[in-house]
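Working through the structure, step by step
Next come the chains, spelled out residue by residue.
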Amino acid sequence: MKLKIDTIKKRLALFVFLLFLICSLSIYYADNMMYHGHYSSIRNLTSNYPQGQVISVSGTVFSYENDGFLVGENYQGKLLYYHVISNVTVYPGDYISFNGVLGHDNSITIEKYEVVSPWSYEFELLRSIVVVPFLFILFIFYWRFDHDGLGFIRRK
Amino acid sequence: MPDWVGHVVSAWILCRILSLKYEEFNTANIVLVMIGSILPDLYKSFIFFPDLKNYLMIIHLPIGTLITAGMLSIFFIDKKRAFLLFTLGILTHYFLDMLQMDFSGGIFIFYPFNWYQFTFGLISTDNWYFTLLILGFAVLVYAVTRFIKMKKKF
């Protein structure tokens, strides 16, 4: 059986169906992802405290401590702070992602990590943003909106 | 994620090579593949809506990106072709994303059927040498494919 989506009504119905589908999957994912991740994340530390387990954390370096540094992540409007035990060289403002063993009082001993400096992150954003107008111009150059068929069609 | 230059150029490289054999990979269609290659990163719009981050993450999962591609394809006269071209771009995106380090365990590639996470974890997320490598490879592919196409003409 071939499904023909040739009228505006059928297209609108399909669009609404897909929108409903993606919203449903999105809600289910957001509600359940924290229970299924390979590592516990900072988010479910608020509901349970898996001390001694390897967890995954991403956040911004706030300050140095004697034996490490302080990492914070914004979670639902609240800043959660973690004391990271490590001799990794970082600077306040750096973005760090790591796996580490959770100790008492929100302290974490790093096992593996990646540090992204603010300039590196901004450079990556800049490189990415450049692509948007480039693709937009290319699209407009090769495709046009056909008002009769109500859809994009290749330019001759 | 590798930056968008890396994603778009990788999609172009693949299409350019495929264009040697398949006429479908003309410049207009390649543009759709290139758009598809950055489609999963639409979820980055959470920057403007931080509270919706977990909800927008669905766009950066294969099932969510495919549905998004389906929704976009509705706005094309040749919907099926547009969808397939977007999908090819999406595949290149996930391949590149899986090469990068992911400390959460990787992408939930089979969601909603399975919560299995996967990543190769080979490159750093902000590694711009990788983008340079892709750009260099693109120049090489352009030169070689141009040579082959000219040879075919004469």
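Residues numbered from 1 in each chain as written. Chains lettered and ligands numbered in written order. Predicted model: local features only at pLDDT ≥ 70, side-chain atom pairs only at ≥ 80, totals over all residues.

Let us look at the overall build of chain A. Looking only at helices and strands, one finds two helices and eight strands in chain A. Relative to the globule expectation of 15 Å for 156 residues, the C-alpha radius of gyration of chain A, 23 Å, shows a markedly less compact shape. The principal-axis extent of the C-alpha atoms belonging to chain A is close to 70 × 35 × 30 Å. Across the 156 residues in chain A, those meeting the buried criterion constitute 15%. In chain A, once contacts between residues fewer than 6 apart in sequence are set aside, the share between residues at least 24 apart is 38%. (Helix = DSSP H or I, 4+ residues; strand = E, 2+ residues; numbered from the N terminus. Rg over C-alpha atoms; globule rule 2.2 N^0.38 Å. Buried ≥ 20, exposed ≤ 12 C-beta atoms within 10 Å, placed from the backbone. Contact = placed C-beta atoms within 7 Å.)

Quick look at the packing of helix 1 (residues 8-36) of chain A against helix 4 (residues 62-73) of chain B now. Any two packed helices are characterised by how steeply their axes cross, that is the angle between the axes, and by the distance between the axes. Look at helix 1 of chain A against helix 4 of chain B: their axes get within 10 Å of each other, and the N-to-C directions meet at 160°. Comparing their axes, helix 4 of chain B and helix 1 of chain A come out roughly antiparallel. Crossing of helix 1 of chain A over helix 4 of chain B shows left-handed handedness. Within the contact between the two elements, helix 1 of chain A uses Phe15(A), Leu18(A), Leu19(A), Leu21(A), Ile22(A) and Leu25(A) and helix 4 of chain B uses Ile63(B), Gly64(B), Ile67(B), Thr68(B), Gly70(B) and Met71(B). By residue class, the composition of the contact of helix 1 of chain A with helix 4 of chain B is nine nonpolar, three polar and no charged. (Axes fitted to C-alpha atoms, helices over the stretch in contact; angles between N-to-C directions. Parallel < 35°, antiparallel > 145°, perpendicular 65-115°, else oblique. Left-handed = near helix turned anticlockwise from the far one by under 90°. Nonpolar A, V, L, I, M, F, W, Y, C, P; charged D, E, K, R; others polar.)

One finds Val8(B), Val33(B), Met34(B) and Phe86(B) to be the most contacted residues of the largest nonpolar core, which totals 28 residues. Considering each element in turn, this core owes the most residues, eight residues, to helix 1 (residues 4-18) of chain B. Apart from residues no more than four positions distant in its own chain, Val8(B) is found in contact with Val131(A), Leu135(A), Met34(B), Ser37(B) and Ile38(B). In terms of nonpolar packing, the next biggest core, distinct from the first, is built from twelve residues, Ile55(A), Val57(A), Val61(A) and Phe98(A) among them. (Core = buried A, V, L, I, M, F, W, Y, C linked by C-beta atoms within 7 Å.)

The interface of chain A with chain B comprises 45 residues on the first partner and 38 residues on the second. Contributions of two or more residues to the side of chain A that touches chain B are made by helix 1, strand 2 (54-64), strand 5 (95-102), strand 6 (107-116), helix 2 (118-142), strand 7 (143-146) and strand 8 (151-154) of chain A. A total of 15 residues in the side of chain A that touches chain B trace back to one element, the largest contributor, which is helix 1 of chain A. Tallied by class, residues from the side of chain A that touches chain B come to 26 nonpolar, 13 polar and six charged.

Turning our eyes to something else, we now look at helix 5 (residues 79-99) of chain B. Residue and element names in this part refer to chain B. With 21 residues, helix 5 extends 31 Å from end C-alpha to end C-alpha; this agrees with the ideal 30 Å at 1.5 Å per step. For helix 5, the complete set of buried residues consists of Ala82, Phe83, Leu85, Phe86, Leu88, Gly89, Ile90, Thr92, His93 and Asp97. Contact partners of the buried residues in helix 5: helix 1, helix 2 (27-36), helix 4 and strand 1 (107-108). (Expected span 1.5 Å × (residues − 1).)

Moving on to the confidence of the model for chain B. In this model, chain B carries an average pLDDT of 92, and 99% of its residues clear a pLDDT of 70 or more. Interface confidence for the predicted complex, expressed as ipTM, amounts to 0.89; the pTM equals 0.89. (pLDDT = per-residue confidence, 0-100.)

As a further point, take the pairing of strand 3 (residues 68-75) of chain A. Residue and element names in this part refer to chain A. Here strand 2 pairs with strand 3 via four bridges, running antiparallel. Bridged to Val61 within strand 3 is Val71. Connecting the antiparallel pair strand 2 and strand 3 is a turn made up of three residues. As judged from the eight bridges shared by strand 3 and strand 4 (residues 78-85), these two strands associate in the antiparallel manner. The residue of strand 4 that forms the bridge with Asn74 is Leu79. (Pairing = 2+ DSSP bridges.)

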